[in-house]
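Close look at the chain arrangement
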Amino acid sequence: MARHVESGAVPGLITVVEHGGDTAMTVLGECAPDTIFRVSSMSKPVVAAGAMVLVEDCVLRLDDPVDDLLPELAGRRVLRELGSELDDTVPAERAITVRHLMNSTFGHGMIMAAPGTYPVQAALADAGFPPGPPQPAATPGGDEVMRALGTLPLLSQPGERWWYNTAYDVLGVLVERASGQRLDDFLGERVFGPLGMVDTGFHVPADQLDRLAVAYSNTESGERAVYDPRDGQWSTPPAFQSGAGGLVSTAADYLAFARMLRDGGQGVLTRLSVRTMTTDQLTPRQKAGGGLVDGFFDTFGWGFGGSVVTRQDHAHKVPGRFGWEGGLGTSAQISQAEDMITLLFTQQAWSSPAGPKVYSDFLTSAYLVNR
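Rules used throughout
- Residues numbered from 1 in each chain as written.
- Predicted model: local features only at pLDDT ≥ 70, side-chain atom pairs only at ≥ 80, totals over all residues.
- Heavy atoms only, no water.
- Helix = DSSP H or I, 4+ residues; strand = E, 2+ residues; numbered from the N terminus.
- Rg over C-alpha atoms; globule rule 2.2 N^0.38 Å.
- Buried < 20%, exposed > 50% of the residue type's maximum accessible area, 1.4 Å probe, protein only.
- Contact = heavy atoms within 4.5 Å.
- Areas by Shrake-Rupley, 256 points an atom, 1.4 Å probe, with all protein chains shown as cover.
- Lys, Arg positive; Asp, Glu negative; His and termini not counted.
- Charge placed at Lys NZ, Arg CZ, Asp CG, Glu CD.
- Phe/Tyr/Trp six-rings, centres within 6.5 Å; stacked < 30°, edge-to-face > 60°.
- Axes fitted to C-alpha atoms, helices over the stretch in contact; angles between N-to-C directions.
- Parallel < 35°, antiparallel > 145°, perpendicular 65-115°, else oblique.
- Nonpolar A, V, L, I, M, F, W, Y, C, P; charged D, E, K, R; others polar.
- Arc of directions from axis to C-beta.
- Pairing = 2+ DSSP bridges.

Along its length, the protein chain carries 12 helices and 13 strands. Over its C-alpha trace the protein chain gives a radius of gyration of 20 Å, about what one expects of a compact globule, namely 21 Å for 371 residues. Along the three orthogonal principal directions, the C-alpha set of the protein chain runs to about 55 × 45 × 45 Å. A total of 371 residues make up the protein chain; the buried ones form 54% of that total. For the protein chain, restricting intrachain contacts to residue pairs at least 6 apart in sequence, the fraction spanning at least 24 positions comes to 68%. If you sum the accessible surface of the protein chain, you get close to 15,000 Å²; carbon and sulfur atoms cover 50% of it. Each charge class in the protein chain was averaged separately, 28 positive and 43 negative side chains, and the resulting centres sit 5 Å apart.

We now examine the packing of aromatic side chains. Scanning the entire structure with this criterion turns up 13 aromatic pairs. Ring centres of Trp-162 and Phe-297 lie 5.3 Å apart, and the angle between their planes is 85°; on these two criteria the pair is classed as edge-to-face. Taken together, the residues Trp-162 in the loop between α5 (142-149) and α6 (166-179) and Phe-297 in helix α11 (residues 296-299) connect sequence positions 135 residues apart. On the basis of an interplanar angle of 45° and a centroid distance of 5.1 Å, the ring pair of Trp-350 and Tyr-359 is categorised as tilted.

Quick look at the packing of helix α2 (residues 43-56) against helix α7 (residues 183-195) now. It is at 10 Å that the axes of α2 and α7 come closest, and there the two elements cross at 75°. Taken together, α2 and α7 sit at an angle that is classed as roughly perpendicular. Judged by residue contacts, Val-46, Val-47, Gly-50, Val-53 and Leu-54 of α2 engage Leu-183, Phe-186, Leu-187, Arg-190, Val-191 and Phe-192 from α7. Here the contact of α2 with α7 is composed, by residue class, of 9 nonpolar, 1 polar and 1 charged.

Now for α5. Listed as buried for α5 are Gly-142, Val-145, Met-146, Ala-148 and Leu-149. Relative to the axis of α5, the buried residues are bounded by an arc of 160° and lie together on one face.

Backbone-to-backbone hydrogen bonds join strands into a sheet, with any given pair of strands oriented parallel or antiparallel. Pairing is antiparallel across the open sheet formed by 7 strands, whose spatial order is β2-β1-β13-β12-β11-β10-β9. Every other strand in the sheet has two partners, leaving β2 (22-29) and β9 (300-302) as the edge strands with one partner each. Adjacent strand axes in the sheet meet at a mean angle of 20°, parallel and antiparallel pairs treated alike. Examined bridge by bridge, β9 and strand β10 (residues 307-309) share 3 bridges and lie antiparallel to one another. Residue pairing in the sheet places Trp-302 in a bridge with Ser-307 of β10.

Spelled out as structure tokens, the structure:
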């Protein structure tokens, strides 16, 4: 890890490896042990866990339609084909259910193709769903997000295909409407509070901004550029609390969440709910044509909010390993079989869904060198 910081590949990082009761943290470069990071897509399993709390409370039921709570998604039209014009649609064959949001098959998400490949891409961007990193300062409130989504046809029939990202923004709105609370208040009461996650939320308080890492991305020429400064988009409460990518957290806080999943719930969820979350929930048909990169579903499945390793083609790809990455430079992986938690926090955005060399080197080191 030091080589990656010294070479300038990342300006700083924190790693955590917990194995067999031993915990080791490494802090390098522009970081301190209590640095706050934008964890972006690592928000997804957290919001999925919140939804599972409501399933355990029998407030939500996995196979119930969401029409009553999300009327914007009722009676949807579906593109005849992904390349169809926006008015070339057919009726939805079934209602969207809670399960479709949990396993990301409700019919919308990021299209992993060059802009202009399909007519619907421009409509998605115009409606406020462009590809790319989260933009909390530019996103309207949840009701407006849902209204905009309701103007668009679905990309595929509900339950038929996995699509990335958008389901967890919708799931966050569902949790709010089902619980009658703002998403941060509900998660604070039922997840963050019980686990002692004191620095996790959708913005950083003014008196803690000095702990927030500067977030970097790369320009087209490969030079590092500031994506978000300390007093940027996460310095004030957002209008929309994004379940897909809006959270900030620390290594200590996210370790508490990962331990909860590894240890079977820890008073937040029951053991069987955790097992459900962390089990591949997709059928071969739902995986067909999907994935973030070519071959993604050759070795991964998808649970509720994160990936599940299904085939071991690398030492660290232990079948059953559950977790996910954040595109602004973070990763969390939990293996019950190996009694292993690995966390990587950087402030350097990833330029590819496959992740940078620091990511693969970290996992290789954690699973092999530290034995």
